[in-house]
Amino acid sequence: MRLVQRVSATPAFARTAPHLVPALDRAVHRLTRGKVLLSAHLLPGLVLTATGARSGLARRTPLACLPEDGGRGWLLVGSNFGRAGHPAWTANLLAHPDAEISWRGTDIPVTARLLTGEERTAAWRTALAFWPPYAACQARVTREIRLFRLSPRPPAAGPAGTPRSPASPPPTSG
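Residue positions are given per chain, counting from 1 as you read along its sequence in written order. This being a predicted model, a pLDDT of at least 70 is required before a residue's local features are given, and a value of 80 or more before pairs of side-chain atoms are given or counted; all residues contribute to the totals for chains, interfaces and linings. Think of the side-chain values as coming from all heavy atoms in the structure, minus any hydrogens and water.

(A) How the structure looks around the sheet that holds strand 4 (residues 73–78). A pair of strands is considered paired only if DSSP assigns at least 2 bridges between the two. A run of H or I in DSSP counts as a helix once it spans at least four residues, and a run of E counts as a strand once it spans at least two, with each numbered from the N terminus. Taken in spatial order, the 7 strands make up an open sheet running 2-1-5-6-7-4-3, and their pairing is antiparallel. Across the chains shown, the open sheet's two edge strands, defined by having one partner strand only, are strand 2 (58–64) and strand 3 (66–68). On average, adjacent strands in this sheet sit at an angle of 30° to one another, irrespective of strand direction. Each of strand 3, strand 4, strand 6 (106–114) and strand 7 (146–152) touches helix 4 (residues 117–130); the most contacted strand, strand 7, lies at about 95° to it. What counts as an axis is a line fitted to C-alpha atoms, over the stretch in contact for a helix, and the angles between N-to-C directions run from 0 to 180 degrees. Any two residues whose heavy atoms approach within 4.5 Å are treated as being in contact.

(B) Summary view of helix 5 (residues 133–140). The cut-offs for exposure are 20% and 50% of the maximum accessible area for each residue type, with area from a 1.4 Å probe on protein chains only; residues under the lower value are buried, those over the upper are exposed, and the others partly exposed. Within the span of helix 5, buried status applies to Pro133, Tyr134, Cys137 and Gln138. Projection of helix 5 onto a plane perpendicular to its axis shows the buried side chains occupying an angular sector of 150°, all on one side. The arc in question is formed by the directions pointing from the helix axis toward the C-beta atoms.

(C) Quick peek at the pattern of salt bridges. For this document, the term salt bridge refers to a Lys or Arg side-chain nitrogen within 4 Å of an Asp or Glu carboxyl oxygen. A complete count under the given rule lists 5 salt bridges for this structure. Here Glu68 and Arg149 are joined by a salt bridge, their closest N and O atoms 2.7 Å apart. Taken together, the residues Glu68 in strand 3 and Arg149 in strand 7 connect sequence positions 81 residues apart. Here Glu68 and Arg149 have matching classes, each one buried. A salt bridge links Arg120 to Glu144; the shortest N-O distance between them is 3.5 Å.

(D) Spotlight on the packing of aromatic side chains. To pair, rings of Phe, Tyr and Trp, with the six-membered ring standing in for Trp, must have centres within 6.5 Å; the planes then decide the type, stacked if under 30 degrees apart, edge-to-face if over 60, and tilted in the middle. Per the stated rule, a full pass over the model turns up 3 aromatic pairs. Ring centres of Trp89 and Phe148 lie 5.9 Å apart, and the angle between their planes is 55°; on these two criteria the pair is classed as tilted. Of this pair, Trp89 sits in helix 3 (residues 88–95) while Phe148 sits in strand 7, and the two are 59 residues apart along the sequence. The exposure class assigned to Trp89 is buried, which follows from its relative accessible area of 8%. Ring plane angle 40° and centroid distance 6.4 Å describe the contact between Trp124 and Tyr134, whose orientation is recorded as tilted. Here the residue Trp124 occupies a position in helix 4, and Tyr134 occupies one in helix 5, the gap between them amounting to 10 residues. Pair check on accessibility: Trp124 and Tyr134 agree, each one buried.

(E) Here's a closer look at the nonpolar core. Membership of the largest hydrophobic core comes to 17 residues, with the highest contact counts inside it found for Leu46, Leu48, Trp74, Leu76, Leu93, Ile101 and Leu150. For this core, the secondary structure elements donating two or more residues are strand 1 (45–51), strand 4, helix 3, strand 5 (98–103), strand 6 and strand 7. Only buried residues count toward a nonpolar core. Its members are Ala, Val, Leu, Ile, Met, Phe, Trp, Tyr and Cys residues joined through side-chain atoms within 4.5 Å. Counting residues in hydrophobic clusters, the runner-up holds 14 residues, among them Val77, Trp124, Cys137 and Ile145.

(F) Seen up close, the packing of helix 4 against helix 5. In contact at an axis separation of 7 Å, helix 4 and helix 5 are set at 120° when each is read in the N-to-C sense. Taken together, the axes of helix 4 and helix 5 lie oblique to each other. For the pair formed by helix 4 and helix 5, the contact residues are Arg120, Trp124, Ala127 and Leu128 on the first element and Tyr134, Ala135 and Gln138 on the second. We call Asp, Glu, Lys and Arg charged. Ala, Val, Leu, Ile, Met, Phe, Trp, Tyr, Cys and Pro are nonpolar, and the rest, Gly among them, are polar. Here the residues of the contact of helix 4 with helix 5 are counted per class, giving 5 nonpolar, 1 polar and 1 charged. These descriptions rest on fixed angle ranges, namely under 35 degrees for roughly parallel, over 145 for roughly antiparallel, 65 to 115 for roughly perpendicular, and the rest for oblique.

(G) Looking closely at the layout of surface pockets. What the second largest pocket holds in volume is close to 180 Å³. Both cavities and pockets are sets of points on a 1 Å grid over the protein atoms alone; in a cavity a 1.4 Å probe fits but cannot get out, in a pocket the set is open with protein on both sides within 12 Å along at least five of seven lines, and lining residues sit with an atom within 4 Å of a point. As for the second largest pocket, its lining consists of Gly52, Ala53, Arg54, Ser55, Arg59, Thr61, Ala88, Trp89, Ala91 and Asn92. Elements supplying a minimum of two residues to the lining of the second largest pocket: strand 2 and helix 3. For the lining of the second largest pocket, the residue count by class is 4 nonpolar, 4 polar and 2 charged. Grid points are joined across faces, edges and corners, and a volume is the space filled by probe spheres set on the points.

Note that all results are geometric; they support no functional claim without further evidence.
As structure tokens, then:
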């Protein structure tokens, strides 16, 4: 595990991982019908489905997460592998905080909240204790890495009270 942490803190990893890790995770997640994420063998992971900030389309992103309260909440760290810009999924959550996650094969509607102030400071300490390479990511960039807390919410109701996920297209009549 220490070797993985050292490698993941390097600039070379920051250049290559964004192209390889998400693509592999998406493929394995799809093939296993949401039951497996490769990266989750190192860190807990989920697949976030959020509405695109500009496109309005559903965007699926495999992400490492820090489960809280026995799975009643999750922290997401917008490290972007230590690259200069914020990851796109953070802009999506800022524009559309209601989203959905696939957590251990279960789809869960969530609401995201950007952490600030003391709450962010405490969450950042938790993130560093959990995965020390986040410190190297922060050291490589001038931006403050965004932290989000995801909280479960009741499913959105579709016609006749049937639950519908926020990432699902609205039902059509016909």
